[in-house]
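Given next are the chains, with one letter for each unit.
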Amino acid sequence: MEPILIIRPEIALDDFLPIFLSSSFVLLFGLFYVAIYTLVKMERLKKIYMPFAYIFWALQTYCMYYVADTIQSNDFTVKALMVTMVCYLILPHLYYYLNIRSEQRYEQ
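Residues numbered from 1 in each chain as written. Predicted model: local features only at pLDDT ≥ 70, side-chain atom pairs only at ≥ 80, totals over all residues. Heavy atoms only, no water.

Enquirer: What exactly am I supposed to notice about unusual backbone geometry here?
Expert: Glycine aside, the phi torsion of most residues is negative, and most peptide linkages are trans. At Glu43, a position not held by glycine, the phi torsion is positive, near 65°. Relative to the elements of secondary structure, Glu43 occurs in the loop between α1 (16–41) and α2 (50–70). The backbone phi angle of Gln72 is positive, close to 60°, even though this residue is not glycine. Locating Gln72 in the fold gives a position in the loop between α2 and α3 (75–107). For Gln72, a relative accessible area of 45% translates into the label partly exposed. (Helix = DSSP H or I, 4+ residues; strand = E, 2+ residues; numbered from the N terminus. Buried < 20%, exposed > 50% of the residue type's maximum accessible area, 1.4 Å probe, protein only.)

Here it is in structure tokens:
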């Protein structure tokens, strides 16, 4: 049985730095999104800062799309990454909703 070879297009040398920086920004913007969201929910920051969390999420999503487009990912991979980003937006909301509901239940 012959091994299956997956041939990927070469990444241009000029694209390496933008890809590296953009993928690093995905991590940083995700950290800022979750940090601001968590601090607002914990009431350590005022609710006026919540839009900044969503701005960081939008920047993270854009950087993720940029990386996927620059490395010439196929359509399925790009769609899977975008679904992942939507889940990353929704999951903190679900976590804090369940946390509040469980506190209400055990207070009764």
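Enquirer: I'm lost on the packing of α2 against α3 in this one. Help?
Expert: Each packed pair of helices is defined by two parameters, the angle between the axes and the distance between the axes. Interaxial distance between α2 and α3 falls to 10 Å at its minimum, and their mutual angle equals 165°. In terms of orientation, α2 and α3 fall into the roughly antiparallel class. Both α2 and α3 take part in a crossing whose hand is right-handed. On α3, the residues that touch Tyr54, Trp57, Gln60, Thr61, Met64, Tyr65 and Ala68 of α2 are Val78, Leu81, Met82, Met85, Val86, Tyr88, Leu89 and His93. The residue makeup of the contact of α2 with α3, split by class, is twelve nonpolar, three polar and no charged. (Axes fitted to C-alpha atoms, helices over the stretch in contact; angles between N-to-C directions. Parallel < 35°, antiparallel > 145°, perpendicular 65-115°, else oblique. Left-handed = near helix turned anticlockwise from the far one by under 90°. Contact = heavy atoms within 4.5 Å. Nonpolar A, V, L, I, M, F, W, Y, C, P; charged D, E, K, R; others polar.)

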